[in-house]
Every structure is written in C-alpha cells, then in structure tokens.
Amino acid sequence: MEAAFLCIIGGLVGLGLVAGLALILTKALEFPIYVSISNMVWTFIICILVGIIAGIIPAMQAAKMDPVVAIRS
C-alpha cells in the first residue's frame, strides 16, 4: 500500500506540473496546448499499477526469506 500511495502522490505531482507547463506554453506560444482527461486517467491508472507491482515483488521476495537471514542482511 505504501508503494502504491507514493506512486499516486508522484503521479498527481507530475500531472500538476504538466498541466501548469501546458498552461504556460499555451500563453507563451499562443497555441492551445491541453492535457485531455483520458490521458490523466491513464496516467493515474499506470501510477497505481506501478505502485502495486513495486510493492508486491519485494514483499513476495521477503516472504520467501528466512527471518533470521533477512534481519542479518
């Protein structure tokens, strides 16, 4: 859950930066640049999936280890 939460926060920060940059470039270039809602949704879904995978794989590897060996390393 922690890895997914961190990825969600990172995705939201990234989306905010992209939206801000799109707004700045729209005003600077006088050309409409926008980020579609579908792209935002896909980005959010990918962030969640990456977070889940990044959390599950190390947890599965740690679950297979002997606790004494895990504490020593």
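Residues numbered from 1 in each chain as written. Predicted model: local features only at pLDDT ≥ 70, side-chain atom pairs only at ≥ 80, totals over all residues. Heavy atoms only, no water.

Once that is clear, we can look at the packing of helix α1 (residues 2–29) against helix α2 (residues 37–64). Across the interface, α1 lies against α2 with an axial gap of 7 Å and an inter-helix angle of 150 degrees. Relative to α2, the element α1 is oriented roughly antiparallel. Crossing handedness for the pair α1 and α2: right-handed. Contacts between α1 and α2 involve Ala3, Ala4, Cys7, Ile8, Gly11, Leu12 and Leu15 from the former and Met40, Thr43, Phe44, Cys47, Ile48, Val50, Gly51, Ile52, Ala54 and Gly55 from the latter. Partitioning the contact of α1 with α2 into residue classes produces 13 nonpolar, 4 polar and no charged. (Axes fitted to C-alpha atoms, helices over the stretch in contact; angles between N-to-C directions. Helix = DSSP H or I, 4+ residues; strand = E, 2+ residues; numbered from the N terminus. Parallel < 35°, antiparallel > 145°, perpendicular 65-115°, else oblique. Left-handed = near helix turned anticlockwise from the far one by under 90°. Contact = heavy atoms within 4.5 Å. Nonpolar A, V, L, I, M, F, W, Y, C, P; charged D, E, K, R; others polar.)

Within this numbering scheme, the UniProt entry marks residues 5–25 and 31–57 as carrying the feature "transmembrane region" (unreviewed entry). What you have in residues 5–25 is 100% helix and 0% strand, and the ends, taken at the C-alpha atoms, are 30 Å apart. In the segment residues 31–57, helix accounts for 78% and strand for 0%; the C-alpha atoms at its two ends are 44 Å apart. (UniProt positions renumbered as here; feature names shortened; annotations may be inferred.)

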